[in-house]
Amino acid sequence: MPVAMAGGSSGGGRVLDCRSFWKAGSYEAPAAPTHGFQDTLETGDFDRARVHPKFLHTNATSHKWAFGAIAELLDNAVDEISNGATFIRVDKTINSKDNSPMLLFQDDGGGMDPEGVRRCMSLGFSTKKSKTTIGQYGNGFKTSTMRLGADAIVFTRAIRGSNVTLSIGLLSYTFLRRTMKDDIVVPMLDFKIQDGETVPLVYGSQGDWDSSLKIILDWSPFSSKEELLQQFQDVGSHGTKVAVYNLWMNDDGLLELDFEDDDEDILLRDQGSASGGVTKGQKEIVQQHISHRLRFSLRAYTSILYLKKFDNFQIILRGKPVEQICITDELKFKKVVTYKPQVTHDSQVVSVRVDVGFAKEAPILGIFGMNVYHKNRLIMPFWKVFQEGSSRGRSVVGVLEANFIEPAHDKQDFERTPLFLRLEMRLKQIIIDFWKEKCHLIGYQPTDPNLRSQYKATLKDSGGSASHVHHKNSSARRTGGFSSNLLPETYDDVATAGFPNNGFHLQSTGQAQENNMDSEGLDEDLVEIGSSGIFDPNFMEKLSEENLALFSRREELRQRDTQLKQTIEDLEHELEETKRKCGQLAAELKVRKNQQHLHYR
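Small disclaimer: the values here were computed from a predicted structure and weren't measured.

## Some points on the overall build of the chain
Within the chain, the secondary structure is distributed over 14 helices and 21 strands. Relative to its 601 residues, the chain shows a buried fraction of 50%. The contacts of the chain with a sequence gap of at least 6 include a subset with a gap of at least 24, amounting to 71%. Summed over all atoms, the accessible surface of the chain reaches about 29,600 Å², with 50% contributed by carbon and sulfur.

Here it is as structure tokens:
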């Protein structure tokens, strides 16, 4: 039996009989005992958030994906950067009552005062009105914590003027269902720092405060008021800590979140099956690619979760900072395209930058898709604008920030509005145009008749079945006798660009001007182009071997780099130890010399 299934008969060991999230909503608990809960909170809107427990679970089903729920809690910490937050820590901790794992989130943001934590626990209330903050619906904390586990407890410390407050709130689905509540009771405890002492802060009656304490001690992982206050010791002068416990399980009775396979990561079970690739080597590359790993590796997902790299903020996952990855830095033959959607007739002009290029694994692997962000947050990773199996856009990857459309409530998709459909159509056209212009650079025959003529002429001049085209680092940046257009190209919704204002029909925009090439354009010095059909088999075989060799070499170098770093650390430690011993020997030698000097005297 998994450790999470074990539990006592009281306190944090009280769990729902049904531990599968997708079945917990229809679970009917046994009748509540006739005693033991008479002192629960029943009065005062300030001391409770009201909504039926079934809706609390139903609301959490908006998160189909557990990592989407985790991202919501990360967003809360990122929004606190403006209040001084420098980190969000995500880790596994242990419920001391039943030794089951808990998921911990902790940040050093501004924290919440008593009023703020009640707003956090209330459904649909949000004070986030900034155009830059990610959260806005006032729903993320409830949906995300309840999607990850049946229960969550919040510890938050805040400084407002000269007042320092500590607040604790318990959102327990287990408590509500096991006691057959017909509305949500959220027990709250507040304290204030007075003359250096932590004293209770009572807003209602002392009886209400005592009832809250009893419920929290009965249904949380903590057994005393002293244990609760100990949780603030590592919070610092301000910040918030959230512990999610009674984590959900899959149908096999195993935790949905896997903490065991990787000590520096949190994995999703049953999400890592390989896809794509033909050979064993290709499948291994697919398994290591970010587009595949993000589905089951929290470290991989959070590495691309935010578009802009943080200057003074870190996501620390299981004790190790997450290294942010900029997808655009991974592209080759990159091109910048500007898209100007017509949001409304009387709105200001919106300009969206679209970075598009080939995946560095092209053309061996068909990894492709558009990564769409909203207010710096990833909404749709590797969105396949074209269907799987389509030859158009093979290996084309793009990145854009679409702040002009609103995401769905789970922030994993966009509502299918006309504005979104126009965006989808434009991205298809951008990919097609990029593919027509540059597919020859990764081994495909050019689709443009003019380029194909020059391609064939190049083959004829070379006198062989394949040619090597060398790219000179000049201002012209010519490839194989023809220009490679890297100038940002503009697509508009307005009629001047060939798009109707109120429709989705796409028309050709013509060929863009060929000047002022992007300095990040053709990074490769050598491109080999096939001679017959779509592919030159010899070219593809050779390129596959070279790419696999490069990937193997890269892994070897990474391992060697890790070994060298470890060797340096060992040598530095040895050097410090040697210095310490030398110091001791020098001190002993000095003492002996002094003793000898006194003896001779």
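## Regarding the nonpolar core
Ranked by size, the top nonpolar core spans 94 residues in total, and within it Leu103, Phe105, Ile153 and Leu228 carry the most contacts. Top contributing element to this core by residue count: helix 3 (residues 66-79), with nine residues. The contacts of Phe105, once residues within four sequence positions are left out, are Ile70, Leu73, Ile88, Arg89, Val90, Leu148, Thr240, Lys241, Val242 and Val244. Judged by nonpolar contacts, the second largest core, of 34 residues, contains Phe333, Val354, Trp435 and Ile442.

## Focus: the pairing of strand 5 (residues 188-194)
Pairing analysis gives five bridges linking strand 4 (residues 163-172) to strand 5, with the strands arranged antiparallel. The residue bridging Ile168 from the neighbouring strand is Leu189, located in strand 5. Pairing of strand 5 with strand 6 (residues 197-200), which is carried by four bridges, proceeds in the antiparallel orientation. Paired with Gln194 across the strands is Glu197, a residue of strand 6. Two successive antiparallel strands, strand 5 and strand 6, enclose a turn made up of two residues, where Asp195 displays a positive phi of approximately 55°.

## Focus: helix 4 (residues 114-121)
Taken residue by residue, helix 4 has Pro114, Val117, Arg118, Cys120 and Met121 as its buried positions. One side of helix 4 holds all its buried residues, which, seen down the axis, span an arc of 155°. For helix 4, the elements touching its buried residues are helix 5 (140-148), strand 3 (149-160), strand 4 and strand 5.

## Quick notes on the environment of Thr344
On the secondary structure map, Thr344 appears in the loop between strand 12 (331-340) and strand 13 (352-359). Considering only alpha carbons, one finds Thr344 and Leu419, 75 residues apart in sequence, at a separation of 9.5 Å.

## Focus: helix 12 (residues 418-438)
In this model helix 12 runs 30 Å from its N-terminal to its C-terminal C-alpha over 21 residues, within 8% of the 30 Å that 1.5 Å per residue would give. Here helix 12 lies mainly inside the structure; 16 of its 21 residues are buried.

## Examining the pairing of strand 13
Taken across its eight residues, strand 13 has seven buried, putting it largely inside the fold. Of the strand pairs in this sheet, strand 12 and strand 13 are connected by seven bridges, and their pairing is antiparallel. In the strand pairing of strand 13, Lys332 is matched with Phe358. Inspection of the sheet shows strand 13 paired to strand 16 (residues 396-401) by five bridges, in the antiparallel sense.

Rules used throughout
Residues numbered from 1 in each chain as written. Predicted model: local features only at pLDDT ≥ 70, side-chain atom pairs only at ≥ 80, totals over all residues. Heavy atoms only, no water. Helix = DSSP H or I, 4+ residues; strand = E, 2+ residues; numbered from the N terminus. Buried < 20%, exposed > 50% of the residue type's maximum accessible area, 1.4 Å probe, protein only. Contact = heavy atoms within 4.5 Å. Areas by Shrake-Rupley, 256 points an atom, 1.4 Å probe, with all protein chains shown as cover. Core = buried A, V, L, I, M, F, W, Y, C linked by side-chain atoms within 4.5 Å. Pairing = 2+ DSSP bridges. Arc of directions from axis to C-beta. Expected span 1.5 Å × (residues − 1).

Keep in mind that these numbers describe shape and distance, not what the molecule does.
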